Amino acid sequence: MTAEHVKETIFDLMQPERAVLLARFFKTGSGQYGEGDQFLGLTMPQQRQIAYQFADLAFTEVEKLVQDEYHECRMVGLVIWVNQFRSRTTSSYGKEAIYMGYLEHRQFINNWDLVDVTCPTIVGGYLLQNDRSVLYELAAENRLWSQRIAMVSTLTFIRKGQFADTFALAEQLLPHRHDLIHKAIGWMLREAGKKDELALEEFLTDHVRQMPRTTLRYAIERFEPKRRKAFLEM
């Protein structure tokens, strides 16, 4: 199996009309966050099915997909890595190699869906048992998608009841000007609140006046109306 075999399977399912809609949805116009990206129109279930079909694809062949010009090819390659990372038998090269390959190819992980579908498993999963300082380095990069990777990867820690990195990275990224980072921070704060509402309230109380409105609204989405209103009026 090669990357070309995977691409042939992807191209067999292309839907040009849907591709046009996806290009608009993922903001591929001039000056937009997904500028220049190209779509083939596949659904996410189709892409996941292809990734499962080629579960044993060699590392170097996955790399070719991750570097591809078409969004769906990159997504399929990344989902193959996600599946191999989760599997004890699929990957012959190990979790560390997948994690390192992911970060080394992060310039190709260039839209929010590519980030959100993959980084909690690969980056968050690897860093559960390893030094997490790389997340703060990613957050400090002058690159939107590296910063989103840093924030969203903490979802894996949250699920294990660990919130310190989520709160620290949120604080580091609060001054960010882009709406996609505001949303990512708010999303992760909300997830932390599902596990420990008091910890979230303490963070919000300390930072609510510096917090972008979008972030705050995401973070307090599950609060009862009276408490939501109180935070919005702070």
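Our subject is the structure listed above.
Here the structure is a predicted model, which is why all the values come from computation and not from measurement. (Residues numbered from 1 in each chain as written. Predicted model: local features only at pLDDT ≥ 70, side-chain atom pairs only at ≥ 80, totals over all residues. Heavy atoms only, no water.)

**So, the overall build of the chain**
Then step 1. Counting secondary structure elements, the chain contains 15 helices and 0 strands.
Then step 2. On C-alpha atoms alone, the chain measures out to a radius of gyration of 19 Å, which is about the 17 Å that the 2.2 N^0.38 rule sets for 234 residues.
Then step 3. Referenced to the eigenvectors of the C-alpha coordinate spread, the extents of the chain come out at roughly 55 × 40 × 30 Å.
Then step 4. Expressed as a percentage of the 234 residues in the chain, the buried residues total 53%.
Then step 5. On the chain, roughly 11400 Å² of surface is accessible, and the fraction owed to carbon and sulfur atoms is 48%.
Then step 6. Across the chain, the 29 positively charged side chains and the 31 negatively charged ones have centroids separated by 7 Å. (Helix = DSSP H or I, 4+ residues; strand = E, 2+ residues; numbered from the N terminus. Rg over C-alpha atoms; globule rule 2.2 N^0.38 Å. Buried < 20%, exposed > 50% of the residue type's maximum accessible area, 1.4 Å probe, protein only. Areas by Shrake-Rupley, 256 points an atom, 1.4 Å probe, with all protein chains shown as cover. Lys, Arg positive; Asp, Glu negative; His and termini not counted. Charge placed at Lys NZ, Arg CZ, Asp CG, Glu CD.)

**As for the packing of aromatic side chains**
Then step 1. This model, assessed by the stated rule, comprises 11 aromatic pairs.
Then step 2. Here the aromatic rings of Phe223 and Phe231 are separated by 5.8 Å at their centres, their planes lie at 55°, and the arrangement is tilted. The exposure classification of Phe223 matches that of Phe231, with both residues buried.
Then step 3. A connected cluster of aromatic rings, assembled from ring pairs, spans Phe25, Phe26, Phe39 and Trp112.
Then step 4. If you follow Arg227 out to its NZ or CZ, it ends over the ring of Phe223, 4.3 Å from the centre. (Phe/Tyr/Trp six-rings, centres within 6.5 Å; stacked < 30°, edge-to-face > 60°. Lys NZ or Arg CZ within 6 Å of the ring centre and 35° of its normal.)

**Looking at the side chain of Arg74**
Then step 1. Within the fold, Arg74 resides in helix H5 (residues 71-86).
Then step 2. Exposure remark for Arg74: the relative accessible area of 2% places this residue in the buried category.

**Some words on the pattern of salt bridges**
Then step 1. Under the criterion given, the structure shown has 12 salt bridges.
Then step 2. Put simply, Glu61 and Lys64 hold a salt bridge, and the shortest N to O gap is 3.0 Å. Of this pair, Glu61 and Lys64 both sit in helix H4 (residues 59-66), 3 residues apart, which is roughly one turn of the helix.
Then step 3. Under the relative-accessibility criterion, Glu61 is labelled buried at 12%.
Then step 4. Residues joined by salt bridges that share partners form a network here, namely Glu197, Glu201 and Arg227. (Salt bridge = Lys/Arg side-chain N within 4 Å of Asp/Glu carboxyl O.)

**Looking at the nonpolar core**
Then step 1. Counting residues in each nonpolar core, the largest one holds 73 residues, and the members touching the most others are Tyr102, Val123, Leu189 and Leu204.
Then step 2. No other element matches the 9 residues that H5 contributes to this core.
Then step 3. Those residues within four positions of Tyr102 in sequence are excluded, and the remaining contacts are Leu78, Trp81, Ile109, Leu114, Val115, Thr118, Cys119, Ile122, Val123 and Ile149.
Then step 4. Grouped together as the second largest cluster of nonpolar side chains are 5 residues, Leu22, Ala23, Phe26 and Phe39 included. (Core = buried A, V, L, I, M, F, W, Y, C linked by side-chain atoms within 4.5 Å. Contact = heavy atoms within 4.5 Å.)

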